[in-house]
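A structural walkthrough
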Amino acid sequence: MPTGKNKRLLRALRGEALARPPWWLMRQAGRYLPEYRAIRAKARDFVELCLTPALAAELTLQPVRRFGMDAAILFSDIPLLPYALGQGLSYREGEGPVLDPIADRAGIVRLDLRQVIPRLEPVFDAVHRVAAALDRATTLIGFAGAPWTIATYMVEGGASRDFRRVKDWAYRDSEGFSALIELLVEGTVDFLGAQMEAGAEVVQLFDSWAGVLPEPAFERWVIEPTRRIVAALKHRFPDRPIIGFPRGAGLLYKRYVTETGIDCVGLDAMVPAGYARSRLQQLVAVQGNLDPVLLIVGGAALQTAVRELCRTLGGGPFVFNLGHGVLPETPPENVAVLAGLLAELDAVT
Ligand code: CP3
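The structure displayed is predicted, hence computed values, not measured ones. (Residues numbered from 1 in each chain as written. Predicted model: local features only at pLDDT ≥ 70, side-chain atom pairs only at ≥ 80, totals over all residues. Heavy atoms only, no water.)

1. Some points on the overall build of the protein
Keep this limit in mind: Strands here mean DSSP runs of E at least two residues long; helices mean DSSP runs of H or I at least four residues long; both are numbered from the N terminus. Atoms considered for the radius of gyration are the C-alpha atoms alone. The globule rule reads 2.2 Å times the number of residues to the power 0.38. In this analysis, two residues are considered to be in contact whenever any of their non-hydrogen atoms come within 4.5 Å of each other. Exposure was quantified through the Shrake-Rupley algorithm and a 1.4 Å probe, taking into account, for residues, occlusion by the shown protein chains and nothing else. Working convention for charge: Lys and Arg count positive, Asp and Glu count negative, and His plus the chain ends are omitted. Charge placement uses NZ in Lys and CZ in Arg. For Asp and Glu, CG and CD serve respectively.
Scanning the protein from N- to C-terminus turns up 17 helices and nine strands. Relative to the globule expectation of 20 Å for 349 residues, the C-alpha radius of gyration of the protein, 19 Å, shows essentially globular dimensions. Once the C-alpha set of the protein is aligned to its principal axes, its extents read approximately 60 × 45 × 40 Å. For the protein, the share of sequence-separated contacts (at least 6 apart) that also reach a separation of at least 24 residues comes to 73%. When the accessible area of the protein is evaluated, it comes to approximately 14600 Å², of which 51% is carbon and sulfur surface. Looking at the protein, you have 39 positive and 39 negative side-chain charges, and the mean spots of the two groups are 2 Å apart.

Right under this line is the structure:
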């Protein structure tokens, strides 16, 4: 039985190639699971659900119980950091997070870093509970949104198509915008540091909107803040691996990997596996990157894609995952099929 440092995910993140790669799925808890929907239907609202430790812990454990992934990812959401800083947050049915938008420097002044730890105490409580409940083979992953992605939600007030407001601010008044990013760097270090203290063994930084920035802006708002967060967390917790997921970074993935100090890079489904093997996997562990739609489709298409991906990336440090989150339409049976396909790899090699 693997214990402590021998957990499969931790071995891969330290650079080991494993015949059967460790696996987990972004958004592995959620609406595609009937047991999630049952709890969700009873909760008054989504923020309250995330801030109720017993329920957040239960939702974290649901997919692991059903499918036996190598990792549990804390059940929470990325806009909880702006919420803790003092920004109003709510969820509208099927739309995702809605925030009272921050438009300028005056909006930043109202945010209060000192509230982050006290207001997110229930999240750390949930981490404690999950850490106590997991078996010795399963790794607990904490997470946060990266500053650029969090800033897009804070400035746009929610999801956006063209990122006009946030880009407008970043280009027009980069010093003012940088004050917001600075604050988010500090808040994220506090937030992730406290998750680590509570028992998160790995953390992932989700930069879901990294791919909308041209290179100079990517360097300033994606690479630089990430590098500072990684450095601060490594100072406090030198042995805890950090996964960075700059979704859509394309040709800038390589710079992200070499310049941020992350231990593992999450790849979206558009990154060619051959490129990841020859250009990225020598530098860090790679994670990804099955198209989430294949998990809806299932059957031969799923089987072929999973085997091909594992053949290409399995020779180096590799964490099997999707290229983005599990979609709500995904049949849970297909996740069980995926678990079976990955388990077979142990026998093959
Ligand atoms: O991975 C997990 O299972 C852990 C939980 C988790 C959630 N959100 C729960 C959630 C994680 C890691 C996230 C990350 C997250 N949240 C990201 C980064 C990853 C990505 O998808 O790019 C982003 C951008 C968000 C913001 C967010 N939260 C959106 C855009 C939405 C709406 C879309 C959707 O899928 O519902 C949410 C809501 C949300 N976050 C739900 C869950 C389970 C659904 C809420 C509900 O039940 O109504």
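2. Concerning the pattern of salt bridges
Put simply, the rule reads: Just to be clear on terms, a salt bridge is a Lys or Arg side-chain nitrogen sitting within 4 Å of an Asp or Glu carboxyl oxygen. Each residue gets one of three labels from its accessible area relative to the maximum for its type: buried under 20%, exposed over 50%, partly exposed in between, using a 1.4 Å probe on protein chains only.
Here the structure, examined in full by the defined rule, presents 21 salt bridges. A salt bridge links Arg129 to Asp125; the nearest nitrogen and oxygen atoms lie 3.0 Å apart. Residue Arg129 and its partner Asp125 are both found in helix α8 (residues 121-133); the two are separated by four residues, about one turn of the helix. For Arg172, the salt bridge goes to Asp168, with nearest N and O atoms at 2.7 Å. Placement of both Arg172 and Asp168 in helix α10 (residues 164-172) is noted, with a separation of four residues, approximately one turn of the helix. Assessed through its relative accessible area of 65%, Arg172 is described here as exposed.

3. Describing helix α4 (residues 53-67)
For an α-helix, the turn length of 3.6 residues means that residues three or four places apart are oriented alike. As a reminder of what qualifies: An expected span of 1.5 Å times one less than the residue number is assigned to each helix. Note on bend: at a given residue it equals the angle between the axes fitted to the 7 residues ending there and to the 7 starting there.
In this model α4 runs 22 Å from its N-terminal to its C-terminal C-alpha over 15 residues, within 8% of the 21 Å that 1.5 Å per residue would give. A maximum bend of about 30° is found in α4 at Leu61, where proline Pro63 lies one to four positions downstream. When we look at burial in α4, the residues that qualify are Pro53, Ala56, Ala57, Leu59, Thr60, Leu61, Gln62, Pro63, Val64 and Phe67. Among the residues trailing α4, Gly68 stands out with phi positive, at a value near 70°.

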